[in-house]
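Listed here are the chains, written in short residue letters.
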Amino acid sequence: MTGLLDPQGPAAERIAGLWWLMFWLGLAVYVVVLALLVVPLLRGRRRAAAGEGEEIAARTGNLLIWGGGVVVPVIILMVLVVASGTVGAQVPWNRDNPGNQLTIDVTGHMFWWQVHYPQAGFETANEIVIPAGEPVHLRMTSVDVIHSFWVPQLHGKIDLTPGHGTTITIEANRPGVYRGQCAEFCGLSHAWMLITVDAREREDFDQWLAEQAEPAAELTDGVLREGQQLFTSSSCVYCHTVRGHTAESHVGPDLTHFASRRTIGAGALPNTRGHLAGWIVDPQASKPGNRMPGTDLDGAELQLLLDYLESLR
Amino acid sequence: MSEVPPQGVVRDETPDQDMLTRSWARHPGVLGWLGQCNHKAVGKRFVVTAFVFFLIGGILALLMRVQLGVPEAGFLGPEAYNAAFTMHGSIMMFLFAVPILEGLAIYFVPLMVGARDMPMPRLNAFGYWAYLFGGLFLLSSALVGAVPDRGWFAYVPLTGPEFSPGDNMDFWLLGVTFVEISGIVAAIEIIVLIARFRAPGMSLSRMPIFAWTALVTSLMILFAFPPLVAGSVMLELDRKIGTAFYDPALGGNPLLWQHVFWYFGHPEVYIQLLPGVGIVATAIETATKRSLVGRTLAIASIVAIGILSFGLWVHHMFAAGLPTLGMSFFTAASFMITVPTGVLIFSFIATLWPGGFRWTPALLWSMGFVVIFVLGGITGVMVASVPFNWQIHDTFFVVGHFHYVLIGGVVFPIFAALHHWLPKLTGWAFSRSLAVWSFWLTFIGFNVTFFPHHQLGFMGMPRRVYTYPEQFGWGPLNLLSTVGAFVTALGVLLFVVSVAMAAVRREPAGDDPWGGGTLEWATTSPPPGYNFATIPAVRSATPLWDTADPSYRSGEPWQDEYENPDELVRVGLATTGLDAIPEQVVVLPGHSLWPLLLALFIAVALFGLLIDSGLIMVLGVLACVASGIGWLWPGRKP
């Protein structure tokens, strides 16, 4: 169970607490209503004496309708308004950064997440690495259609709407990998727009941040240089950036440290050599409707390209 | 005109049944069949057409359940799956639920209030043809492989010109708008009918609950449907001529569509629910032979729900990033609607409380309504909480929630209504054991299908995904849900079998098989063209349970014109709005092909718009104008 009832961050914990309050109240209401319904249903056919039924109905009717329909619901709803409002006020959602939080810009694309760390000044995709135990401020928007960011173990969701910026503050109690996915229908491969939040200890996070901020290394190995040559001279660079090796383009995910990521295609495939080869040849097969075209590289060229991409650690 | 009810004046003539029958008979031949405008023909067409759409929507649901039954299934690709969920939602919301309820209202409310027909029979017929052609327009997208696939909610910018360049969305926007117009037409009919055509003595306070719900929902339709029509026109303009109502790059706003859509979309849910409540109330009153306990309070609750339902729409947008303070008002309004709903449920329980009722099939389905709908209502309170909504919005929890509300609150009452009223409508008796079997299969199948959806939502499964990876662990519950869907389908199939068997056997149902208290049971099954030969007199909410003579006698000459027309003319009676005092005898049209032609030419004009053919569009519009002139041309004096 990795869903919202196994919360791993303060926001998700508070919302889960609210759920359990509503669950027990709701269950009690449901049981009482069903019990009150079952009583007459069991009585069923037994015919009351002439006129007696009307008398009983009139006598108990007011009690049932006013008690069950008005008084009890109003009391329960009062409790819920307060509880819901309190949790809503406690949970940081669509607020400004108080100034001391790590900021990450997340931009929705069909069908992947562009992730930008403005303070460190680099870009990655589909995997957000954060320091555990610290609130992190995510600023959201979209370049195309509406997407929705949702990592249930950490927080509720918020939409990424073009022309309309939103923010959410997430925090993970402990290091760990928390998965989520786009929750607003965004087209053909909506089902394959997965996101991972990877919470690490502060020092591990700092190290990761420093590594990611570096451009891709100067290559010395001849085979890798051949692969790089292939990459930079092909259509790959129209969409993808490898900092230090290519000019900038933000149409597709930044690949500077591609080999350090877990998956290909925003969670469509695990990042292994075999899957990567399949993805490069025919990306539409595993993720229909994504914007990457297929290629017609020969076997040797493909191996060179794979060597190069796998070197981008 | 005299006050109600002057008794004791005995007229010396009995109604001329033969003349009435001939006056209300339909014209011969195919054209005569097509040109029928009587409320019973129109209502029956609505019900049958909507049920066919229900079966189509249900088959789409089964296809989706097969695809989701196992992880990474290849049964439907994403194109087909997206088209299936879009058309499932659109068909069920636009082509099934509202039209079948309107059809039941068009057939039965005139009977319940003691009228002979709708006040504007040709407009009524036009409403049906607009619905049929709008529905066929939407479905015809399948013939050219351009089935709408952007969801029944059609969020921009995904549905805008940039991201949906094909004809798919045009089919959706034009077809749905056409159907909405039909809904508005039917709503106007029902409002005028109830305001002016109630039998003498049927003051508003004596009106049957189902008629009350028909009145309230019709008023809601008048306020809820035009915004969607306007929103759809704006989107179509964005798509066709490059306006930018919703394009953020040019200063438009995608959130505007969401506001407009849900300003329609949330009342829409209650537009479907309230007639369901009216049906359940009718079934309970009939089974217990008792007027609803707390009847006045129940009617007030129905009106309150109608008003409050317009204050909830933002709870579909809690994740959009709107200001939190504003959203909390919508939480409060969403919570508030629980109170009138609770009053209704407890009014049902209180009516049943003393026991001593008959287990009619309609009561069985109505109890299914209570058991399922109350659970959906409770999860509805939960999703109205803003922070909880951030978690479960657009997940399978919500899919579970609204199927409990819509199947429990709408489909179960519709089946209750069909079991209650089909004997009246067809004149046939239906098998009781098939009704019971069909109920239990549907009830159990439904719960097996949709209860696990709540859990899937908690496990993180979003809506509208065509598949999911195995390692997420959503497989077993999805498989269970798929099995449940087929059990539900079997239950629905048994109902179809039951109708087919009744049609073959043609065993007469009798005029009043359930001992009902409202006027539709005072006439034959099926009712004659003129519904009632004499004018019913109403002295309570359940006139058939009164012991007094049910016939109204004015002792004035106009009544003779009503009961013994001396030429072939359809005569109805208009009464005053509040107290239903007879005001005038009105002549009603009987046969007309103009409504059919007008609807057909509107469809032609829309087709021209769809394929960007100005010529076809202009010809269609000109033909519409011509049909309008033909419709309004003064005929021979009847």
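So, here's what we can say about the structure. This one's a predicted model, so the numbers in the text were calculated from it and none came from an experiment. (Residues numbered from 1 in each chain as written. Chains lettered and ligands numbered in written order. Predicted model: local features only at pLDDT ≥ 70, side-chain atom pairs only at ≥ 80, totals over all residues.)

## Here's the deal with the overall build of chain B
Here is step 1 of the chain: When you go through chain B residue by residue, the secondary structure sums to 19 helices and two strands.
Here is step 2 of the chain: Relative to its length of 638 residues, chain B is compact, with a C-alpha radius of gyration of 25 Å against a globular reference of 26 Å.
Here is step 3 of the chain: With the principal axes as the frame, chain B shows a C-alpha extent of 80 × 65 × 50 Å.
Here is step 4 of the chain: Burial status across chain B gives 60% buried among its 638 residues.
Here is step 5 of the chain: Sequence-distant contacts, at least 24 apart, represent 81% of the contacts inside chain B between residues at least 6 apart. (Helix = DSSP H or I, 4+ residues; strand = E, 2+ residues; numbered from the N terminus. Rg over C-alpha atoms; globule rule 2.2 N^0.38 Å. Buried ≥ 20, exposed ≤ 12 C-beta atoms within 10 Å, placed from the backbone. Contact = placed C-beta atoms within 7 Å.)

## Here's the deal with the overall build of chain A
Here is step 1 of the chain: A tally of helices and strands in chain A yields seven helices and twelve strands.
Here is step 2 of the chain: Relative to the 2.2 N^0.38 estimate, which gives 20 Å for 313 residues, the radius of gyration of chain A is 27 Å and therefore markedly larger than a compact globule would have.
Here is step 3 of the chain: Judged by the C-alpha coordinates and their principal axes, chain A covers about 100 × 45 × 35 Å.
Here is step 4 of the chain: Residues counted as buried form 44% of the 313 residues belonging to chain A.

## Some points on the pairing of strand β5 (residues 136-142) of chain A
Along any regular strand, the residues point their side chains to alternate faces of the sheet.
All names here are of chain A.
Here is step 1 of the chain: Of all seven residues in β5, six are buried; the element is thus mostly enclosed.
Here is step 2 of the chain: Pairing of strand β1 (residues 102-109) with β5 involves seven bridges; the strand directions are parallel. Residue Asp-105 lies in a different strand from β5, and its bridge partner there is Arg-139. (Pairing = 2+ DSSP bridges.)

## Observations concerning the sheet that holds β5(A)
All names here are of chain A.
Here is step 1 of the chain: Spatially, five strands are ordered β3-β2-β1-β5-β8 in an open sheet, and the strand pairing comes out mixed. The sheet is open, and its two borders are formed by β3 (122-125) and β8 (166-170), each paired with just one other strand. The mean inter-strand angle of the sheet, taken between neighbouring strand axes irrespective of direction, is 25 degrees.
Here is step 2 of the chain: Bridge count for β1 against strand β2 (residues 112-117) is five bridges, and the pairing is antiparallel. When the sheet's bridge partners are listed, Thr-107 is paired in β2 with Gln-114. (Axes fitted to C-alpha atoms, helices over the stretch in contact; angles between N-to-C directions.)

## Section: the interface of chain A and chain B
Here is step 1 of the chain: Listed by partner, the interface residues are 74 residues for chain A and 68 residues for chain B.
Here is step 2 of the chain: Contributing elements (two or more residues each) for the side of chain A that touches chain B: α1 (10-43), α2 (52-90) and β7 (158-160) of chain A.
Here is step 3 of the chain: Sorting elements by how many residues they give to the side of chain A that touches chain B places α2(A) first, with 22 residues.

## Digging into the sheet that holds strand β10 (residues 194-200) of chain A
Residues and elements named next belong to chain A.
Here is step 1 of the chain: In spatial order, the strands read β4-β10-β9; together these three strands make up an open sheet with mixed pairing. Of all strands in the sheet, those with a lone pairing partner are β4 (127-131) and β9 (176-181), marking the two edges. For this sheet the average axis-to-axis angle between neighbouring strands, irrespective of direction, equals 20 degrees.
Here is step 2 of the chain: Note that β9 and β10 share six bridges and pair antiparallel. Bridging from a neighbouring strand, Gln-181 pairs with Leu-194 of β10.
Here is step 3 of the chain: Lying on the sheet, helix α3 (residues 202-213) is in contact with β4 and β10; it crosses β4 at an angle near 135 degrees.

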